[in-house]
Amino acid sequence: MSAVKTEVAVGAGVVAIAVGFLIYAGQVSGLSASTAGYPLTASFRSLEGVSVGTDVRLAGVKIGSVTGISLNPQTFRADTEFTVLSGIELPDDSAIVVSSEGLLGGNFVEILPGGSPFNLEAGAEIEDTQSSVSLVGLLMKFVAGGDSE
């Protein structure tokens, strides 16, 4: 009878450790992070390397994520929706750029705050955008000798 109690206790301990590990993994990966925030939009010429779930960063710190991407058939631009954590107020003249983590790293969306005394409201659009720089395009220009102008 004591062997059965020991087996049950060990089994309960293993389950408790597994649940703890899953909670920890969710917190580290950001899956369980609070998604409370407000939505913003931006329109890019090119969103190469960006997809739904890509980090939105301010000063290198993740403050949100991309929640939607669609092609605007009238402007042929990539309309992007993303969230920013509540409590982070961005000036309405802020810029947004697609940046790279390095030569082999992935891309992320970076917000460059402006100096306006007025802040963006929920659902507002950031007008000043800069698309990602294509490394392949730059290499092709270099190999071809650049512009002849």
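Residues numbered from 1 in each chain as written. Predicted model: local features only at pLDDT ≥ 70, side-chain atom pairs only at ≥ 80, totals over all residues. Heavy atoms only, no water.

S.K.: Could you clarify how one ought to interpret the overall build of the protein in this entry?
M.R.: From N to C terminus, the protein includes two helices and eight strands. Reading the protein from its N end, one meets helices and strands in the order α-β-β-β-β-β-β-β-β-α. Taken across its 149 residues, the protein has 26% of its residues classed as buried. Restricting to contacts in the protein with at least 6 residues of sequence separation, those with at least 24 account for 61%. For the protein, the exposed surface amounts to about 9,900 Å²; the carbon and sulfur share of it is 62%. (Helix = DSSP H or I, 4+ residues; strand = E, 2+ residues; numbered from the N terminus. Buried < 20%, exposed > 50% of the residue type's maximum accessible area, 1.4 Å probe, protein only. Contact = heavy atoms within 4.5 Å. Areas by Shrake-Rupley, 256 points an atom, 1.4 Å probe, with all protein chains shown as cover.)

S.K.: Help me understand the pattern of salt bridges, please; the structure alone is not making it clear to me.
M.R.: It is possible for side chains of opposite charge to pair when their charged atoms get near one another. In the structure shown here, the tally under the stated rule is two salt bridges. Measuring nitrogen to oxygen at the nearest pair gives 3.4 Å for the salt bridge that ties Asp55 to Arg57. Classification of Asp55 by relative accessible area gives partly exposed; the value is 21%. Accessibility expressed as a relative area gives 17% for Arg57, which makes it buried. (Salt bridge = Lys/Arg side-chain N within 4 Å of Asp/Glu carboxyl O.)

S.K.: Quick question: what am I supposed to make of the side chain of Ser43 here?
M.R.: Within the secondary structure, Ser43 sits in strand 1 (residues 37–44). Of the residues examined, Ser43 reaches a relative accessible area of 10% and is grouped as buried. Only 3.2 Å separates the side chain of Ser43 from the side chain of Asp79, close enough to count as a polar contact. The contacts of Ser43, once residues within four sequence positions are left out, are Arg77, Ala78, Asp79, Glu125 and Thr129. (Polar contact = N/O pair within 3.5 Å; in protein donor to acceptor, adjacent residues only side chain to side chain.)

S.K.: Please clarify how the pairing of strand 4 (residues 77–85) should be interpreted in this entry.
M.R.: Regular strands place side chains that alternate from one sheet face to the opposite one. Side chains Ala78, Thr80, Phe82 and Val84 project from strand 4 onto a buried face, and the interleaved Arg77, Asp79, Glu81, Thr83 and Leu85 project onto a face without burial. Where strand 1 lies against strand 4, eight bridges are found, and the strand directions are antiparallel. Within strand 4, the position partnered with Ala42 by the bridge is Thr80. The pairing of strand 3 (residues 61–72) with strand 4 spans eight bridges and is classified as antiparallel. Note on strand 4: the bridge partner recorded for Ser65 is Thr83. As consecutive antiparallel partners, strand 3 and strand 4 are separated by four residues, and within that stretch Phe76 has a phi angle of approximately 60°, a positive value. (Pairing = 2+ DSSP bridges.)

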